[in-house]
Amino acid sequence: MQDQNLTPLFTGLQNYIESNPTPFHIPGHKKGEGMEKTFRDFIGEKALSIDLINISPLDDLHHPHGMIKDAQDLAAQAFGADYTFFSVQGTSSAIMTMVMTVCGPGDKIIVPRNIHKSVTAAIIFAGAVPIFIHPELDNDLGIAHGITPEAVEKAINAHPDAKGVFVINPTYFGIAANLKRIVTIAHANNIPVLVDEAHGVHIHFHDDLPLSAMQAGADLAATSVHKLGGSLTQSSILNLKEGIVTHERVQRIFSMLTTTSTSYILLASLDSARKQLATEGKQLVDKTIQLAQLTRVKINEIPHLYCPGKELLGTKATFDYDPTKLLISVKQLGVTGYDVEVWLRENFNLEVELSDMYNILCIITPGDTEKETQKLTHALNVLSKTYERSATDTAIRVTIPPIPMLSMTPRDAFYAETETINLRDSEGRISAESIMVYPPGIPIFIPGEIISTENLSYIAQNIAAGLPVQGLEDESLETIQVIKEMKPFK
């Protein structure tokens, strides 16, 4: 076992700058000396001193053998992985690596319908064929949860030649599926499991939180250390349990997608965040859970607001949850979550993580104290009193149309010649665009799918109901890009 108190990458950078080398290489600001003074003074001398590139003494992220390799090895040990790869291009790059590692042109991959756009991009790059599974919907909150083991098993039985199963776990709202069961089902068919763990870096370090991807036996997991783990924005990791997937293949794809101008500031922040999670994670998450649960209780004492907890569990898609995510339903106030986000900003200088038609989401991390959460609950009390006259018992019915037929791969649709037509006249045409309704944020159709009567009716119904319909280039929703039809020669 290696000493998790060590920070080989960060310490190596410190030792290097203490030797005060004279640089004749990029970056051209040369420790800040060639930089605009106001910005230089704001950023600070120490940060600029480690804004370096992959010169020999500092190792190379594309071919790690020194301090970067040592830091990645420590991270692998901390996260229970066989190999860990540092990303300076966020979790999106790690997600794209996962998909492109297991999929090539024409290969099938089983994915939730509400995938992140980076997954769609990877499917386009790989030329893969998505096999979609609808996530479970929650009509009380108007959100989508995860996919079920039963849905995964059904998809595998229908497509035993699939090259991967992609799972979002936990979801943005902190809900986890029975990931271990999904892994067991997939592995029985020799299919790797890829996990979007963007919102779950901390769950590996506390027994009261859902199982992490590595604990559940998944093959690959893209994990946003910067979101909840204390590193700088845009720094993430990709964890691998080797077996069905090899580390050589992952490294090759990862290098294809990674900049050669590596940010050592981001790498150092990953090294330091790993140390904190590995050595203090349990205690830090303990305090965070306690603070979040206390805040949840106080929010639920406020009239017309609801912050769900363990009562969400018990369905096939809601196997476990992360209590540090405060999903706050505002539907009974007679205003939207979007309205509440703006109101909190303008009246209390509070910023939420996200808002949708019926909810806001606030995350609690080790960076919070009772001072911040008391400000939040005070603001929500004032919000409730401000809108109590408009309060109403709003009923939600979240629906989704059937998944359309895929006529061509998203890649072929992306590169195909297109034309613009009226949306109302698009039945039977192949879409070159995506369109979705919030909530639940699940695409109605994506590039390559055939637009159906049900699709168009669903869009019209949601527009009439005042729900946000987004995705088309034409924000008026009057026209759509479709694949140009080939006309026969006369």
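Within every chain, residues take consecutive numbers counted from 1 along the sequence as written. Reporting of local features is limited, given that this is a predicted model, to residues whose pLDDT is at least 70; pairs of side-chain atoms are given and counted only at 80 or more, and all residues count toward the totals for whole chains, interfaces and linings. Hydrogens and waters are ignored; side-chain quantities use all the structure's heavy atoms.

> Give a detailed account of the overall build of the protein, specifying residues and quantitative values.
Going along the chain from the N terminus, every DSSP run of H or I of four or more residues is numbered as a helix, and every run of E of two or more is numbered as a strand. Summing up its helical and strand segments, the protein has 15 helices and 19 strands in all. Against the globule reference of 23 Å for 490 residues, the protein gives a C-alpha radius of gyration of 24 Å, in line with a compact fold. When a residue's accessible area, from a 1.4 Å probe over protein chains only, is under 20% of the maximum for its type it is buried; when over 50% it is exposed; and in between it is partly exposed. By residue count, 54% of the 490 residues in the protein fall in the buried class. The criterion used for residue contact is that any of the two residues' heavy atoms lie within 4.5 Å. Partitioning the contacts of the protein with sequence separation of at least 6, the portion at a separation of at least 24 is 72%. In this charge count, Lys and Arg are treated as positive and Asp and Glu as negative; neither His nor the chain ends contribute. For this purpose, a charge sits on NZ of Lys, CZ of Arg, CG of Asp or CD of Glu. Both charge centroids of the protein, one from 39 positive and one from 57 negative side chains, sit 0 Å from each other. Here the globule rule reads 2.2 Å times residues to the power 0.38, and the radius of gyration is calculated from C-alpha atoms.

> Explain the pattern of salt bridges residue by residue, including any values.
Any Lys or Arg side-chain nitrogen found within 4 Å of a carboxyl oxygen on Asp or Glu counts as a salt bridge. Summed over all chains, the structure comprises 12 salt bridges. The residue Glu341 makes a salt bridge to Arg345 at a minimum N-O spacing of 3.0 Å. Residue Glu341 and its partner Arg345 are both found in helix H12 (residues 337-348); the two are separated by four residues, about one turn of the helix. For Arg345, a relative accessible area of 33% puts it in the partly exposed group.

> Outline the packing of aromatic side chains, supporting the account with residue identities and numerical values.
Ring pairs are drawn from Phe, Tyr and Trp, using the six-membered ring of Trp, whenever the two centres fall within 6.5 Å, and their geometry is named by plane angle: stacked under 30 degrees, edge-to-face over 60, tilted for the rest. Evaluated as defined, the whole model comprises five aromatic pairs. Ring centres 5.2 Å apart and planes at 80 degrees place the aromatic pair Phe79 and Phe205 in the edge-to-face group. Taken as a pair, Phe79 in helix H4 (residues 67-79) and Phe205 in the loop between strand E8 (193-197) and strand E9 (220-223) lie far apart in primary sequence, 126 residues in all. We note that Phe79, like Phe205, is buried. Ring geometry for Tyr172 and Phe173: centres 6.3 Å apart, planes at 35 degrees, overall tilted. Put simply, a charge is over a ring when the Lys NZ or the Arg CZ is close to the ring centre, within 6 Å, and near the line of the ring normal, within 35 degrees. Cation over ring: Arg113 sits above Phe132, and NZ or CZ is 4.4 Å from the ring centre.

> Tell me about the nonpolar core, residues and numbers included.
Grouped together as the largest cluster of nonpolar side chains are 30 residues, with contacts concentrated most on Met98, Ile109, Val119, Phe166, Leu220 and Leu238. Of all the secondary structure elements, the ones that give two or more residues to this core are helix H5 (90-102), strand E2 (108-112), helix H6 (117-126), strand E6 (165-168), E9, strand E10 (236-240) and helix H10 (247-257). Setting aside chain neighbours within four positions, we find Val119 in contact with Ile95, Val99, Val111 and Phe166. Buried Ala, Val, Leu, Ile, Met, Phe, Trp, Tyr and Cys residues that are joined via side-chain atoms within 4.5 Å together make up what is termed a nonpolar core. In this structure, Leu52, Ile68, Val201 and Leu277 belong to the second largest nonpolar core, which totals 29 residues.

> Explain the environment of Val285 to me, using residue names and the numbers behind them.
By secondary structure assignment, the location of Val285 is in helix H11 (residues 264-299). Not counting chain neighbours up to four residues away, the residues in contact with Val285 comprise His202, His206 and Leu209.

> Any chance you could break down the sheet that holds strand E14 (residues 359-363) for me, citing the residues and the numbers?
Strand pairing is defined by DSSP finding a minimum of two bridges between the two strands. With antiparallel pairing, three strands are arranged side by side in an open sheet as E12-E14-E13. Each edge of the open sheet carries a strand with a single partner, namely strand E12 (325-329) and strand E13 (354-355). Here five bridges tie E12 to E14, and the two strands are oriented antiparallel to one another. Residue pairing in the sheet places Ser329 in a bridge with Asn359 of E14.

> Tell me what's going on with the environment of Asn20, and back it up with residues and numbers.
Note on placement: Asn20 falls in the loop between helix H1 (8-18) and helix H2 (37-43). In this structure, the C-alpha to C-alpha distance between Asn20 and Ser49, residues 29 residues apart in sequence, is 9.4 Å.

The quantities given are spatial measurements derived from coordinates; they are silent on function.
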